[in-house]
Amino acid sequence: MIKEEVKSALTRGITSLFIQQREDGGFEGQLSSSTFPTCAYVWIQLAQGETPDPNLIDWFVTNQREDGGWGLDTANISNAEATRFARLVLEQIHLRSPDPSLQNLLASIPEFPPYLALVKLAYAAFDQFDWSELTLSENALPLMKLARQLTKIPMLGSRLKPPRHRFAPVALFNTPMFEALFIAEQHTLVPVFIMIELNTTRRPEMIESLVTWLKSRVLGDGSWFRVNYITALSVLALIELQKKWKSDEDTAAFIERGIEWLRTTRNPDGGCREALNLNVWDTALSVMALTEVCSVGKGAVPLNVELASKVGRAAQWLIEHQNSDGGWAFSGLDDSTLPSDADDTALGTLALLCSLHVSTPTDRNALDVSVHRGVAWLKAQQDRDGGWSTYQPGQGDVGCVSITAHAIEALLALDRSDVADKPDMQREMNRGIAWLRKQINREGYWRDLWLAKDTYGTACAIIALVKVGLKGVPEVQQGVAWLERSQNADGGWGEDMFGSPSESTVEQTAWSTYSLLLAAPENRAAQDGIAFLLKHQREDGSWNEQCVGIYWEIIGGYADPIYASVFPVLALNQFLQTPS
């Protein structure tokens, strides 16, 4: 009886996933709004002398917590910095256009002194903080260099964190330390440096160098890094440049295109999301789920023409959105201006290989070439220690459990495929496996960077190790035991983006259950996880998406409805593979 119920739920879940495929073949979920990008959008409108539209104000009203504050994201936890930022922009709106209802809203907001440098920056822009107090002294550069060396020492690296209450001095830009920063940090700091420099020392050569760097990094769609907050800071820096330095048509065009792009991050609820979309990841995950449920001798759903067609179109979309360097970016652009990253490249490659099980490509040679290019990119980007980091090894980046696990799965799928002239990647795969096994915490979990948090890292590690035939190794058994201990009383799993326990989510329950079913098919915790998924499925086959993705711990996380479809589909299908 239970298997019939699960099969019905799986069929309805697949139908719900189908709805999220776009006309061009890609899959894309509507990412949730959050406080920082919404505040940044208001900030730009105020900087332009405009009055923000009522829908933005309505978003703040709707998303205010019971304690009067705002959270970083859709998780129901107030955050002091998000609250301070929201209060600032609402105060500025009220100053421009006094409104009794807005005054009442402001009266309900608790007051927190700003601590985070990014929030202090906004205060400085509205003349409520001293620009010269935003950065560390240039005399701190030697100490910063020493601290960077110390972070490479085991045990110290995880404890030494850069200060969040002040920015690095602007002079950092002209040092090798800047080049060694994580790519997103560079994109965040440069516009910040421009604004600070324009309001403090105003060194012509420094301003020119920073502005040149900023303009050279704009993407083909007019954004910077296809991220709301980074684009907003870049636009604000150029607006400040116009006001306090010099104005030209070139700068005005950058501002106009940036603002136009930012409008595309507006959601129907009135707020803004941090990333435009994650369509490469969404498409790859969807292909993997759909191929797994109907693979010959494995899937629980018979292969049909509609399913094969949807997989084929999605695979073609991935081929068309591969970057010129052979990798994939998190968001597909036709001109390859958004940098490739290891997770999207691993999943893009894996998805194409999976698609061959259920769909015959129109151009098989094009698919094989795309796979070869993806694998070559992964090989070139493997860290010296065997793991994979998000972007470039050694440039402010760190090895990531889920990315390394996905890369291992991609290389394993290549090894088992009939791709022509496939390279032997056994050495790279073995190095990745060795790295992954070493990353387990003494308590039995793996911690991840990009999804919340220990459940995702642990699930990804278990899945990869089981698929390569290491089900019996101690690390897998420890990971299984940790998931069992971490299960909530309702049969689900949940934690916030910092790794603290929270109410159960469909996504975390699904990936935890899927990994347990792979490692221990008759595991009782996995059975309870399936019951949780059945209980929380809607009549239309969908599940309620919750905040499990992590943009950045300073900015917050996001919810993506694709995740709330893909992971339950994988878990339900795996349950149907277990012996009765």
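The structure reproduced in this document is the subject of the present report. All chains use their own residue numbering, which begins from 1 and follows the written sequence. The predicted origin of the model limits local features to residues at a pLDDT of at least 70 and limits the giving and counting of side-chain atom pairs to 80 or more, whereas totals for whole chains, interfaces and linings rest on all residues. Think of the side-chain values as coming from all heavy atoms in the structure, minus any hydrogens and water.

Focus: the pairing of strand 2 (residues 501–505)
At step 1: Strand pairing is defined by DSSP finding a minimum of two bridges between the two strands. We count a stretch as a helix when DSSP gives it H or I for four or more residues in a row; a strand needs E for two or more, and each element gets its number in order from the N terminus. For strand 1 (residues 493–495) and strand 2, the ladder comprises two bridges, and the chain directions are antiparallel. Bridge pairing in strand 2 links Glu-495 to Pro-501.
At step 2: Where strand 1 folds back onto strand 2 in an antiparallel hairpin, the turn is made up of five residues, including Gly-499, whose phi is positive at roughly 90°.

Considerations on helix 4 (residues 80–96)
At step 1: With 17 residues, helix 4 extends 25 Å between its outermost C-alpha atoms, agreeing within 8% with the 24 Å of an ideal straight helix rising 1.5 Å per residue.
At step 2: Burial classification: accessible surface area is computed with a 1.4 Å probe over protein chains only, and a residue below 20% of its type maximum counts as buried, one above 50% as exposed, and the rest as partly exposed. Where burial is concerned, most of helix 4 is hidden: 13 out of the 17 residues are buried.
At step 3: Any N or O atom pair separated by 3.5 Å or less is treated as a polar contact, with the protein-specific requirement of one donor-capable and one acceptor-capable atom, and with residues adjacent in sequence counted only for side-chain atom pairs. Where helix 4 begins, the side chain of Asn-79 points an oxygen toward the backbone nitrogen of Glu-81, at a separation of 3.0 Å. To estimate how far a helix should reach, multiply one less than its number of residues by 1.5 Å.

Here's the deal with the pattern of salt bridges
At step 1: Any Lys or Arg side-chain nitrogen found within 4 Å of a carboxyl oxygen on Asp or Glu counts as a salt bridge. Across all of its chains, the model carries 20 salt bridges by this definition.
At step 2: For Glu-133, the salt bridge is made with Arg-166, and the minimal N-O distance between the two is 2.9 Å. With Glu-133 in the loop between helix 6 (117–125) and helix 7 (141–150) and Arg-166 in the loop between helix 7 and helix 8 (176–179), this residue pair connects regions lying 33 residues apart in the sequence.
At step 3: We classify Glu-133 as partly exposed; its relative accessible area is 36%.
At step 4: The exposure class assigned to Arg-166 is partly exposed, which follows from its relative accessible area of 28%.
At step 5: Connected through salt bridges with shared partners, the residues Arg-87, Glu-91 and Glu-111 form a single ionic network.

Some details on helix 3 (residues 54–62)
At step 1: Buried residues of helix 3: Leu-56, Trp-59 and Phe-60, and no others. The buried residues of helix 3 all sit within an arc of 95° when viewed along its axis, so they share a single face. For helix 3, exposure combined with an orientation more than 90 degrees from the buried face picks out Pro-54 and Thr-62.
At step 2: Between two residues, a contact is recorded if the distance between any of their heavy atoms is within 4.5 Å. Its buried side turned inward, helix 3 meets helix 2 (35–47) and helix 4.
At step 3: Near the N-terminus of helix 3, the side chain that reaches the backbone nitrogen of Asn-55, with its oxygen 2.9 Å away, is that of Asp-53. Directions from the helix axis toward the C-beta atoms define the arc.

Some words on the nonpolar core
At step 1: Note on terminology: a nonpolar core comprises buried Ala, Val, Leu, Ile, Met, Phe, Trp, Tyr and Cys residues joined through side-chain atoms within 4.5 Å. Leu-121 and Leu-436 are the most contacted members of the largest nonpolar core, which totals 203 residues.
At step 2: Apart from the residues within four sequence positions on either side, Leu-436 is in contact with Val-401, Ala-405, Ile-408, Trp-446, Ala-461, Ala-464 and Leu-465.

Comments concerning unusual backbone geometry
At step 1: Of note, Phe-225 is a non-glycine position whose phi angle comes to about 65°, a positive value.
At step 2: Tracing the backbone shows Phe-225 in the loop between helix 10 (204–216) and helix 11 (228–244).
At step 3: Phe-225 sits in the buried class, given a relative accessible area of 5%.
At step 4: Its identity as a non-glycine residue notwithstanding, Arg-226 has a phi of 55°, on the positive side.

Brief notes about the pairing of strand 3 (residues 549–552)
At step 1: The pairing of strand 3 with strand 4 (residues 556–558) spans three bridges and is antiparallel. The residue of strand 4 that forms the bridge with Trp-552 is Gly-556.
At step 2: Between strand 3 and strand 4, which pair antiparallel one after the other, the connecting turn spans three residues.

Examining the environment of Glu-428
At step 1: Relative to the helices and strands, Glu-428 is located in helix 18 (residues 426–438).
At step 2: Among the residues examined, Glu-428 registers a relative accessible area of 7% and is labelled buried.
At step 3: Sequence-wise, Glu-428 and Lys-379 are 49 residues apart; in three dimensions their C-alpha atoms are separated by 7.2 Å.
At step 4: Leaving out residues up to four positions away in the same chain, Glu-428 has contacts with Lys-379, Gln-382, Trp-388 and Leu-411.

Digging into the packing of aromatic side chains
At step 1: The aromatic pairing rule takes the rings of Phe, Tyr and Trp, using the six-membered ring of Trp, and pairs them if the centres are within 6.5 Å, calling planes under 30 degrees apart stacked, those over 60 edge-to-face and the rest tilted. Summed over all chains, the structure comprises 20 aromatic pairs.
At step 2: Seen in terms of ring centroids, Trp-43 and Phe-85 are 6.3 Å apart; in terms of plane orientation they differ by 80°. Their pairing is edge-to-face. Placement of Trp-43 in helix 2 and of Phe-85 in helix 4 is noted, with a sequence separation of 42 residues between them.
At step 3: Given the relative accessible area of 3%, Trp-43 is considered buried.
At step 4: Classification of Phe-85 by relative accessible area gives buried; the value is 0%.
At step 5: With 6.3 Å between their ring centres and 35° between their planes, Trp-224 and Phe-254 make a pair best called tilted. A residue pair is termed long-range when its members are at least 10 positions apart, and Trp-224 in the loop between helix 10 and helix 11 and Phe-254 in helix 12 (residues 249–263) qualify at 30 residues. Take Trp-224 and Phe-254: they sit in the same class, and that class is buried.
At step 6: Any Lys NZ or Arg CZ found within 6 Å of a ring centre and within 35 degrees of that ring's normal is scored as a charge over the ring. Just above the ring of Phe-575 sits the side chain of Lys-3; from NZ or CZ to the centre is 5.9 Å.
At step 7: Across the ring face of Phe-18, the terminal group of Lys-310 is positioned such that the distance to the ring centre comes to 5.1 Å.

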